[in-house]
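Single-letter residue listing:
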Amino acid sequence: MITYQAEGVRMPKIKRRETTAWIRSVAATYGCKVGEVGYLFCNDEKILEVNREYLGHDYYTDIITFDYDEGDTINGDLVISLDTVRSNAELFNRDYDEELYRVIIHGILHLCGINDKGPGEREKMETAENKALAMRIQA
């Protein structure tokens with residue numbers, strides 16, 4: 001089950017059923033089933049609080065992924081700052097909705113085993129994000 005909640009911000013205007021089906025399709029391309037995945041949309045203050053408390057990081061970010069995977073079933077909590085999504089959309093000259101869906105799927109790709117911190121990994125993540133976004137448009 002995939003759940004969507006908002007804290008301190010308005011729930012983004014995403015079509016939940018379509019988004020859930022898209023997430024399941026993307027995960028399936030990596031041989032993964034979706035178990036329990038929870039999205040929390042929040043503001044910069046909340047994500048900074050989460051980053052400090054759980055990861056010991058003192059900076060803003062667009063998404064934090066907590067991975068509770070079991071075998072080929074992905075489970076996790078994804079915390080997304082809509083403030084940072086908006087800032088990044090402006091910074092990268094992207095449409096806000098495109099950036100939001102990019103971040104939504106970014107966390108799922110992490111749960112599917114794709115990393116973005118090591119050498120060459122950022123490029124692999126971007127390729128995976130673009131492939132996933134193309135799947136959303138086709139659906």
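Preceding block: the structure.
Read on for an overview of the structure. (Residues numbered from 1 in each chain as written. Predicted model: local features only at pLDDT ≥ 70, side-chain atom pairs only at ≥ 80, totals over all residues. Heavy atoms only, no water.)

Some remarks on the sheet that holds strand β3 (residues 63-67)
Under the convention used in this document: Two strands are counted as paired when DSSP detects at least two bridges linking them. Each helix corresponds to a stretch of at least 4 residues labelled H or I by DSSP, and each strand to a stretch of at least 2 residues labelled E; elements are numbered beginning at the N terminus. Every axis corresponds to a line fitted to the C-alpha atoms, with the helix fit spanning only the stretch in contact, and the corresponding angles, defined between N-to-C directions, vary from 0 to 180 degrees.
Pairing within the open sheet is mixed, and its 4 strands lie in the order β1-β2-β4-β3. Taken across any chain shown, the strands that pair with only one partner, and hence form the sheet edges, are β1 (2-6) and β3. Within this sheet the neighbouring strands show an average axis-to-axis angle of 15°, counted without direction. The sheet contact formed by β3 and strand β4 (residues 73-81) spans 5 bridges and is antiparallel.

Here we look at the packing of aromatic side chains
Formally: Side-chain rings of Phe, Tyr and Trp, where Trp is taken by its six-membered ring, are said to pair if the distance between their centres is within 6.5 Å; with planes under 30 degrees apart they count as stacked, over 60 as edge-to-face, and otherwise as tilted. Residue burial is assigned from relative accessible area. The probe radius is 1.4 Å, only protein chains are included, and a residue is buried under 20% of its type maximum, exposed over 50%, and partly exposed in between. Charges are assigned to positions over rings by a cutoff of 6 Å between ring centre and Lys NZ or Arg CZ, combined with an angular limit of 35 degrees from the ring normal.
As enumerated under the stated definition, the model contains 4 aromatic pairs in all. Seen from their ring centres, W22 and Y101 are 5.8 Å apart, and the 75° between their planes marks the pair as edge-to-face. Here Y101 lies in helix α4 (residues 96-111) and W22 lies in helix α1 (residues 16-29), a separation of 79 residues in the sequence. Owing to a relative accessible area of 4%, W22 belongs among the buried residues under this scheme. Taken together, Y4, Y39 and F41 form an aromatic cluster joined through their ring pairs. Across from the ring centre of Y96, 4.1 Å away, lies the NZ or CZ of R86, which sits over that ring.

Here's the deal with the pattern of salt bridges
Convention followed: The salt bridge definition used is simple: a Lys or Arg side-chain nitrogen within 4 Å of an Asp or Glu carboxyl oxygen.
Within the structure shown, the criterion is met by 10 salt bridges. The salt bridge partner of D72 is K33, with a shortest N-O separation of 3.9 Å. One end of the pair, D72, is in the loop between β3 and β4; the other, K33, is in strand β2 (residues 33-42), with 39 residues separating them in the sequence. Across the pair R94 and E99 runs a salt bridge, and its minimum N-O distance is 2.8 Å. The partly exposed category is assigned to R94, whose relative accessible area is 30%. A relative accessible area of 3% places E99 in the buried class.

Note that every value here comes from positions in space, so none of it alone points to a role or purpose.
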